[in-house]
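Per-entry structural report
Given next are the chains, with one letter for each unit.
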Amino acid sequence: MSSLAKNYNRRKIAFKSGKGSFLYATNGKKYLDFVQGIAVNSLGHSNPYLIKAINKQAKKVWHVSNAFIIPEGEKLAKRLTQKTFADFIFFQNSGTEATEAAIKVARRYFYSKGKPNKNRILCIKNSFHGRTIAAIFASGSKKMTEGFGPKVPGFDHIEFKKSKPRFPNIKRKIKKNTAAIMVETIMGEGGIKSIPDKCLKYLRKICNEKKILLILDEVQCGIGRSGDFFAFEKSKVKPDIVPIAKGIGGGFPLGAVLMTKKVAKAMSPGSHGSTFGGNPLAMNVGNAVLDQIFKKGFLKNVRKISKYFHIKLNKLKKDYPNIFKEIRGKGLLIGMQLHFDQSKFIRSLEKNYLLTIRASENVIRILPPLNVKKNEIDLALKIIEKVCREYK
Ligand SMILES: *Cc1c(COP(=O)(O)O)cnc(C)c1O
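The structure reproduced in this document is the subject of the present report.

Criteria and cut-off values
- Residues numbered from 1 in each chain as written.
- Predicted model: local features only at pLDDT ≥ 70, side-chain atom pairs only at ≥ 80, totals over all residues.
- Heavy atoms only, no water.
- Phe/Tyr/Trp six-rings, centres within 6.5 Å; stacked < 30°, edge-to-face > 60°.
- Helix = DSSP H or I, 4+ residues; strand = E, 2+ residues; numbered from the N terminus.
- Buried < 20%, exposed > 50% of the residue type's maximum accessible area, 1.4 Å probe, protein only.
- Core = buried A, V, L, I, M, F, W, Y, C linked by side-chain atoms within 4.5 Å.
- Contact = heavy atoms within 4.5 Å.
- Pairing = 2+ DSSP bridges.
- Axes fitted to C-alpha atoms, helices over the stretch in contact; angles between N-to-C directions.
- Near = heavy atom within 4 Å.
- Areas by Shrake-Rupley, 256 points an atom, 1.4 Å probe, with all protein chains shown as cover.
- Nonpolar A, V, L, I, M, F, W, Y, C, P; charged D, E, K, R; others polar.
- Patch = residues over 30% accessible without salt bridge, like charges linked within 9 Å, V, L, I, M, F, W, Y side chains within 5 Å.
- Salt bridge = Lys/Arg side-chain N within 4 Å of Asp/Glu carboxyl O.
- Lys, Arg positive; Asp, Glu negative; His and termini not counted.
- Charge placed at Lys NZ, Arg CZ, Asp CG, Glu CD.
- Polar contact = N/O pair within 3.5 Å; in protein donor to acceptor, adjacent residues only side chain to side chain.
- 1 Å grid on protein atoms, 1.4 Å probe; cavity = no way out; pocket = protein on both sides within 12 Å on 5 of 7 lines; lining within 4 Å.
- Points joined across faces, edges and corners; volume = space filled by probe spheres on them.

**Section: the packing of aromatic side chains**
Here the structure, examined in full by the defined rule, presents 12 aromatic pairs. On the basis of an interplanar angle of 85° and a centroid distance of 6.1 Å, the ring pair of phenylalanine 15 and tyrosine 31 is categorised as edge-to-face. A residue pair is termed long-range when its members are at least 10 positions apart, and phenylalanine 15 in strand S1 (residues 15-19) and tyrosine 31 in strand S3 (residues 30-33) qualify at 16 residues. Taking the relative accessible area as the measure of exposure, tyrosine 31 reaches 5% and is therefore buried. Where tyrosine 109 meets phenylalanine 110, the ring centres are 4.9 Å apart and the plane angle is 75°; that geometry is what we call edge-to-face.

**Quick word on the nonpolar core**
In this structure, Ile181, Phe309, Leu313, Phe324, Phe345 and Ile384 are the most contacted members of the largest nonpolar core, which totals 82 residues. Ignoring sequence-local partners within four residues, the contact set of isoleucine 384 consists of Leu313, Leu316, Phe324, Met336, Phe345, Leu349, Leu354 and Ile366. Within the second largest apolar cluster, 31 residues are counted, among which are Ile136, Met259, Val263 and Ala266.

**Focus: the sheet that holds strand S17 (residues 363-366)**
Read across the open sheet, the four strands follow the order S13-S14-S17-S16; overall the sheet is antiparallel. Each edge of the open sheet is held by one strand with a lone partner, namely strand S13 (324-330) and strand S16 (357-359). When the angles between neighbouring strand axes are averaged without regard to direction, this sheet yields 30°. Where S16 and S17 come together, three bridges link them in antiparallel fashion. Opposite arginine 358, over in S17, you have isoleucine 364 as the bridge partner. The strands that helix H11 (residues 298-319) touches are S13, strand S14 (333-338) and S17; relative to S13, the one it contacts most, it runs at about 170°.

**Structural notes on the sheet that holds S1**
Spatially, the four strands line up as an open sheet ordered S1-S2-S3-S15, and their pairing is mixed. Looking along the sheet, the strands with just one partner apiece sit at the ends: S1 and strand S15 (354-355). Of the strand pairs in this sheet, S1 and strand S2 (residues 22-25) are connected by four bridges, and their pairing is antiparallel. Bridge pairing in S2 links glycine 18 to leucine 23.

**Structural notes on the site of the ligand**
Taken together, the residues surrounding the ligand are Ser94, Gly95, Thr96, Phe128, His129, Gly130, Glu184, Asp217, Val219, Gln220 and Lys246. Computed on the free molecule, the ligand has an accessible area of 380 Å², of which 82% lies beneath the protein chains in the complex. In terms of residue class, the shell around the ligand is made up of two nonpolar, six polar and three charged.

**Topic: unusual backbone geometry**
Note the cis peptide between glycine 149 and proline 150, where omega equals 0°. Following the sequence through the fold, proline 150 ends up in the loop between helix H6 (142-145) and strand S6 (155-158). Here the residue pair lysine 164 and proline 165 is connected by a cis peptide bond, since its omega of 0° sits within 30 degrees of zero. With respect to the helices and strands, the residue proline 165 is situated in the loop between S6 and helix H7 (170-173). Of note, the phi angle at isoleucine 38 is positive, near 60°, even though the residue is not glycine. Its location among the elements puts isoleucine 38 in helix H1 (residues 36-39). Given a relative accessible area of 24%, isoleucine 38 falls into the partly exposed group.

**Structural notes on a positive patch on the surface**
On the surface, Lys113, Lys115, Lys211, Lys238, Lys261, Lys262 and Lys265 cluster together into a patch of positive charge. Among the secondary structure elements, lysine 238 is positioned in the loop between strand S10 (213-217) and strand S11 (241-244).

**Some points on the side chain of serine 306**
By the secondary structure assignment, serine 306 is in helix H11. Judged by relative accessible area, which is 4%, serine 306 ranks as buried. Within the structure, serine 306 has its side chain in polar contact with the backbone oxygen of valine 302 (distance 2.6 Å). What serine 306 contacts, discounting residues up to four positions off in sequence, is Gly331 and Leu332.

**A few points about the layout of surface pockets**
Here the second largest pocket is characterised by a volume of approximately 880 Å³. Around the second largest pocket, the lining comprises 30 residues; the ones closest to its centre are Asn66, Glu74, Ile89, Phe90 and Phe91. Looking at the lining of the second largest pocket, the elements that each hand over two or more residues are helix H3 (71-83), strand S4 (88-92) and helix H9 (261-264).

What follows is the structure in structure tokens.
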């Protein structure tokens, strides 16, 4: 009997090692892993470059505290600001810490402007921003908040619809005390639903009009996953605050909040902190991940190979219209929406040695490493087609 608490519904499978896109299970079988720790292992398993980087740093110094200057963190922050909209950054250890810290920055900004009551955050109903007490109430999902009352105040919700208007009544939902709109650029857990560029622009416009902040949660869709470093880049929208995590650590727990100078000014010494956040070990891994992702041609290849994957999946959808409802997502953040509950299909893929994971709305998430090879995508397509053919 397991002594682990029962808050997960675990599949009966464990792994002894991994290499690139593959995992080797204790049952002796080799699996094509298109979960990659839920979009975390951006460079695959046991990446030699990351192994070298972490070992090198492990022999020097792991952890010192933010009471001191951490050169590896200075370097990582500098690189992220040079490549993005952000002017300042602080580091956390996870996605939910990053989204919470993003909320703190937004509130503190208006506090510093003499408007402490301007503190409400407008989020999309049934979105996902993590599992801390505040983040679950930000998400506004009944499933996640059930039994965890009292309700954390300060969050309002809008709908995100496929039909127009995409955000019904959004202007009415922005009150005098609204500080920010916070949305995932691509809703991950919610079923790989992209907010179209036009809608992102619209959100930016409203935020400008109402003089409130725009927070884009890129914890899942950021760091190259969409084919651009950030999923909002093509829209040309400039957010005020962006929490990141998952992909930036390549498998090591690492999160961060990126922000503009305007809002960063509100965060004075002592206003926020983290014991582990930004330690030399994590920072060195983050730098090593960026070494790869910032390499010339890396993201171009993500765009190229994912385009191929999307075209092939859409062809499968045409061939099996009774199974697939929609192929969703951008880059290597892919959702196959089925017409029916997806659990059995995921199990069938697993029986054929392809690992995938669910999302809401009957969606099967496909999350290869960003350096996935074409023949690995072809193998996945072959397995998906085989399951389609045999599916009853
Ligand atoms: C995974 C995720 C989080 C939470 O990250 P954790 O590291 O699990 O705390 C927050 N926001 C989004 C969009 C996510 O996908």
